[in-house]
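# Descriptive structure summary
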Amino acid sequence: MKLLRFLIISIFVVSNLYGQVLVQIEKTNSPKTIKLYEGTILEYTLKEYPDVWRKSEIHEIIPETDLILFDDNYHKPEDIAALRFNRPVISGIGKKLVQSSAVWFVYGGLASLTPEYNMSTSEMIFGASVAAFGYLIRKIFGKRKMKLGKRRNLRIVDLRM
């Protein structure tokens, strides 16, 4: 009786499972891959317009026609020239440096309201340099650019039953 219940429940569970269709970024001679699913927001550039970066959500992946459907258009995986990903750790460090510089100036400004303390120019230069360093870290190292072509490949993988 328990075996019969198990079989009935497993048939209903398996029949309700959907397979996965995804876009996979593969690197030559490497087993590691990056998987992108429907709903992923992707920053990409096309081979036709290599200087124009687009940011769109993947609405649907159609493996039969080898198409990726975005917000405004659809593209084949071989039409995409490069991808850009955020680096949240580096962006977070840069953001915290800028915030600590702002706090430095706020506390220095509040302390300067008292007659015993005046914020010196070296302290102002230190606060400004920390803010500039944090801003530059975010702008230069905050995003990772991944070119597709010789060593990296973008393809649609269909894992449906």
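Please refer to the structure placed before this passage.
Residues numbered from 1 in each chain as written. Predicted model: local features only at pLDDT ≥ 70, side-chain atom pairs only at ≥ 80, totals over all residues. Heavy atoms only, no water.

## A closer look at the overall build of the protein
- For the protein, the helix and strand inventory stands at three helices and 10 strands.
- Going from the N terminus to the C terminus, the protein shows its helices and strands as α-β-β-β-β-β-β-β-β-α-α-β-β.
- By the compact-globule yardstick of 15 Å for 161 residues, the protein is too spread out, its C-alpha radius of gyration being 25 Å.
- Overall, the C-alpha framework of the protein stretches about 85 × 55 × 35 Å when taken along its three principal axes.
- Sorting the 161 residues of the protein into buried and exposed places 25% on the buried side.
- Once local pairs closer than 6 in sequence are excluded, the contacts in the protein between residues at least 24 apart make up 59%.
- Of the roughly 11800 Å² of accessible surface on the protein, 61% is carried by carbon and sulfur atoms.
- Positive and negative charge centroids in the protein, built from 24 and 16 side chains respectively, lie 9 Å apart. (Helix = DSSP H or I, 4+ residues; strand = E, 2+ residues; numbered from the N terminus. Rg over C-alpha atoms; globule rule 2.2 N^0.38 Å. Buried < 20%, exposed > 50% of the residue type's maximum accessible area, 1.4 Å probe, protein only. Contact = heavy atoms within 4.5 Å. Areas by Shrake-Rupley, 256 points an atom, 1.4 Å probe, with all protein chains shown as cover. Lys, Arg positive; Asp, Glu negative; His and termini not counted. Charge placed at Lys NZ, Arg CZ, Asp CG, Glu CD.)

## Regarding the sheet that holds strand 4 (residues 54–57)
- Across the sheet, four strands lie side by side as 4-3-8-9; this open sheet has antiparallel pairing. Among the strands making up the open sheet, the edge pair consists of strand 4 and strand 9 (143–147). Averaged over all pairs of adjacent strands, the angle between their axes in this sheet comes to 35°, without regard to strand direction.
- The pairing of strand 3 (residues 41–46) with strand 8 (residues 80–86) spans four bridges and is classified as antiparallel. Its bridge partner being in strand 8, T45 is matched across the sheet by A82. (Pairing = 2+ DSSP bridges. Axes fitted to C-alpha atoms, helices over the stretch in contact; angles between N-to-C directions.)

## Description of the sheet that holds strand 6 (residues 67–69)
- With antiparallel pairing, the three strands of this open sheet are ordered in space as 5-6-7. The open sheet has two free edges, formed respectively by strand 5 (60–62) and strand 7 (74–75), since each of these has just one partner strand.
- In this sheet, strand 6 lies alongside strand 5 in antiparallel orientation, the contact comprising three bridges. The residue bridging E60 from the neighbouring strand is L69, located in strand 6.

## A word on a nonpolar patch on the surface
- Taken together, the side chains of V98, Y135, L136, I140 and F141 make up a nonpolar region of the molecular surface, amounting to roughly 490 Å² of accessible area.
- Structurally, F141 can be placed in helix 3 (residues 121–141). (Patch = residues over 30% accessible without salt bridge, like charges linked within 9 Å, V, L, I, M, F, W, Y side chains within 5 Å. Salt bridge = Lys/Arg side-chain N within 4 Å of Asp/Glu carboxyl O.)

## Some remarks on the side chain of H75
- Along the chain, H75 falls in strand 7.
- Each residue touching H75, except ones within four places of it in the same chain, is listed here: Y44, L46, D66, L67, I68 and F70.

## Re the nonpolar core
- One finds I25, L42, I80 and L83 to be the most contacted residues of the largest nonpolar core, which totals 18 residues.
- Elements represented by at least two residues in this core include exactly strand 1 (21–27), strand 3, strand 8 and strand 10 (152–158).
- When neighbours within four sequence positions are excluded, L42 is seen to be in contact with L36, R54, K55, S56, I58, F70, L83 and F85. (Core = buried A, V, L, I, M, F, W, Y, C linked by side-chain atoms within 4.5 Å.)

## Observations regarding the packing of aromatic side chains
- Counting across every chain of the model gives two aromatic pairs.
- With a centroid separation of 4.6 Å and 20° between ring planes, the pair formed by Y44 and F70 is classed as stacked. Taken together, the residues Y44 in strand 3 and F70 in the loop between strand 6 and strand 7 connect sequence positions 26 residues apart. For the pair Y44 and F70, a shared accessibility class is recorded, and that class is buried. (Phe/Tyr/Trp six-rings, centres within 6.5 Å; stacked < 30°, edge-to-face > 60°.)

## Concerning unusual backbone geometry
- Its identity is not glycine, yet N29 carries a phi of approximately 60°, on the positive side.
- Among the structural elements, N29 can be located in the loop between strand 1 and strand 2 (33–36).
- With a phi close to 60°, D66 is a non-glycine residue in the positive phi region.

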